[in-house]
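This is what each chain is made of:
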Amino acid sequence: MHETVKVLVKTLAISMALAAAMPALGQNATRNDRDIENNLLMAMAWKQTAAEFRALYHQGFNIARMRVEIALAQKQDDSLPLAVISDVDETLLLANDYWGYLITQGQDFFDDASWDRWIEENRAVASPGALEVLNFCMSNSVEIFYVTNRDQGEATVQLAIENLNAVGFPLVDTAHLRVLRESSNKELVQQQIREDYEVVALLGDNLNDFARRYYSTDVDQRMSLMEQDKERYGRDYILFPNPTDGHWIRAIFGESEPAATDENRAILRRAATRAAWAP
Ligand SMILES: [Mg+2]
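Criteria and thresholds
Residues numbered from 1 in each chain as written. Predicted model: local features only at pLDDT ≥ 70, side-chain atom pairs only at ≥ 80, totals over all residues. Helix = DSSP H or I, 4+ residues; strand = E, 2+ residues; numbered from the N terminus. Axes fitted to C-alpha atoms, helices over the stretch in contact; angles between N-to-C directions. Left-handed = near helix turned anticlockwise from the far one by under 90°. Contact = placed C-beta atoms within 7 Å. Nonpolar A, V, L, I, M, F, W, Y, C, P; charged D, E, K, R; others polar. Pairing = 2+ DSSP bridges. Buried ≥ 20, exposed ≤ 12 C-beta atoms within 10 Å, placed from the backbone. Right-handed = clockwise from strand over helix to strand, strands pointing away. Parallel < 35°, antiparallel > 145°, perpendicular 65-115°, else oblique.

K.L.:
Could you clarify how one ought to interpret unusual backbone geometry in this entry?
P.N.:
Of all residues except glycine, most have a negative phi; of all peptide bonds, most are trans. A positive phi angle, close to 70 degrees, is found at Glu90, a residue other than glycine. With respect to the element layout, Glu90 can be found in the loop between β1 (82–86) and β2 (93–94). The phi angle at Leu171 is positive, at roughly 55 degrees, despite the residue not being glycine. Inspection of the secondary structure assignment puts Leu171 in the loop between α8 (156–166) and β5 (177–179).

In structure tokens:
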């Protein structure tokens with residue numbers, strides 16, 4: 001082989017080996033490399049384009065409506081009034097353009113500071129089917145409680161009210177909105193509501209929206225706790241899809257909002273290859 005060709009072949013071989021090794025070169029990856037391999041890409045492409053993503057919201061809200069209709073039909077004159085308890089973000093409100101923004105900024109993990117700025121701009125949109133089912137509840141005297149663990153400091157309640165009002169949800173006031181800034185444990189407020197209402201269903205995108213016992217950093221334990229409750233899903237627990245945030249992320253990283261570090265990118269990779277064919 002001609003000497004120049006040999007050099008070219010060798011250079012090509014080295015380039016190919018480097019390209020193959022790139023995922024493992026987290027520490028050396030440049031900003032541009034990370035833009036190309038942004039961890040949010042597949043999840044956000046799904047959220048932004050898949051009819052399947054939106055259909056899952058309709059599916060969830062159709063089940064919610066069915067549960068409300070059954071409860072209305074079975075209600076006795078002396079029974080407690082009916083209520084539905086719902087989480088807010090990624091259950092009733094979608095933040096696709098926030099996550100899209102992160103990707104355009106070359107960010108591949110949730111960023112608290114920009115999230116707070118985004119909330120102030122009131123850009124959230126109603127999830128598919130949410131408005132219809134909440135209006136159905138209201139017109140049938142079924143109360144709606146909005147329970148969130150958002151935290152934008154003192155402004156949290158006002159900002160959440162503005163966001164919920166902007167998309168036209170009913171019964172948005174301080175009596176129906178419960179903000180848990182200090183803890184993500186929603187059970188106490190659920191119990192308080194149950195003292196005065198028969199709760200027909202809990203709506204959420206995070207198992208923690210239903211019960212605190214799911215608040216585990218062990219992936220397998222979280223999975224088995226969910227399996228123990230399998231009869232409750234689609235009945236009193238109505239779950240919506242969220243591949244970008246939630247306590248499933250806490251179970252992987254040990255924290256719900258992991259920092260954008262190469263160490264965490266390696267942890268994510270290990271989670272994604274938990275089972276991997278190795279022929
Ligand atoms: Mg949520």
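Once the structure has been displayed, the description carries forward.
K.L.:
Teacher, can you tell me more about the packing of helix α3 (residues 41–49) against helix α5 (residues 96–104) here?
P.N.:
Geometrically, a packed helix pair is captured by the angle between its two axes and the distance between the axes. Running from amino to carboxyl end, α3 crosses α5 at an angle of 145 degrees, the nearest separation of the two axes being 10 Å. In this structure, α3 crosses over α5, and the sense of that crossing is left-handed. Each of Leu41, Met44, Lys47 and Gln48 in α3 lies in contact with α5, whose residues at this interface are Asn96, Trp99, Gly100 and Ile103. Here the contact of α3 with α5 is built from residues that sort into four nonpolar, three polar and one charged.

K.L.:
Help me understand the sheet that holds strand β6 (residues 198–204), please; the structure alone is not making it clear to me.
P.N.:
By definition, the strands of a sheet pair up through backbone hydrogen bonds, in either a parallel or an antiparallel sense. Reading across the sheet, the five strands line up as β5-β4-β1-β6-β7 and stay open at both edges, with parallel pairing between neighbours. Each edge of the open sheet carries a strand with a single partner, namely β5 and β7 (237–239). On average, each strand axis in the sheet is tilted by 20 degrees relative to the strand beside it, whichever way the strands run. In terms of strand pairing, β1 meets β6 through five bridges, oriented parallel. When the bridges of β6 are listed, Ile85 appears paired with Leu202.

K.L.:
Hey, could you run me through the pairing of β6 in this one?
P.N.:
A regular strand places its side chains so that they alternate between the two faces of the sheet. Counting buried positions along β6 gives five out of seven residues, so the element sits mostly inside the fold. In terms of strand pairing, β6 meets β7 through three bridges, oriented parallel. Of the residues in β7, the one forming a bridge with Gly204 is Leu239. Once you follow β6 into helix α10 (residues 219–228) and on to β7, the crossover reads as right-handed.

K.L.:
I tried to follow the environment of Ile252 on my own but got confused; where do I start?
P.N.:
Here Ile252 lies in helix α11 (residues 247–253). Using a count of 18 C-beta atoms within 10 Å as the deciding quantity, one classes Ile252 as partly exposed. Between the C-alpha atoms of Ile252 and Ile267, which are 15 residues apart in sequence, the distance is 7.6 Å. With residues near it in sequence (within four places) discarded, Ile252 still touches Val219, Ile267, Leu268 and Ala271.

K.L.:
What is the right way to look at the packing of helix α4 (residues 51–74) against helix α7 (residues 130–139) in this model?
P.N.:
Contact geometry of α4 with α7 gives a least axis separation of 9 Å together with a crossing angle of 10 degrees. In terms of orientation, α4 and α7 fall into the roughly parallel class. Contacts between α4 and α7 involve Phe61, Ala64, Arg65 and Val68 on the former and, on the latter, Ala130, Val133, Phe136 and Cys137. Classifying every residue of the contact of α4 with α7 gives seven nonpolar, no polar and one charged.

Just distances and angles here, no functional claims.
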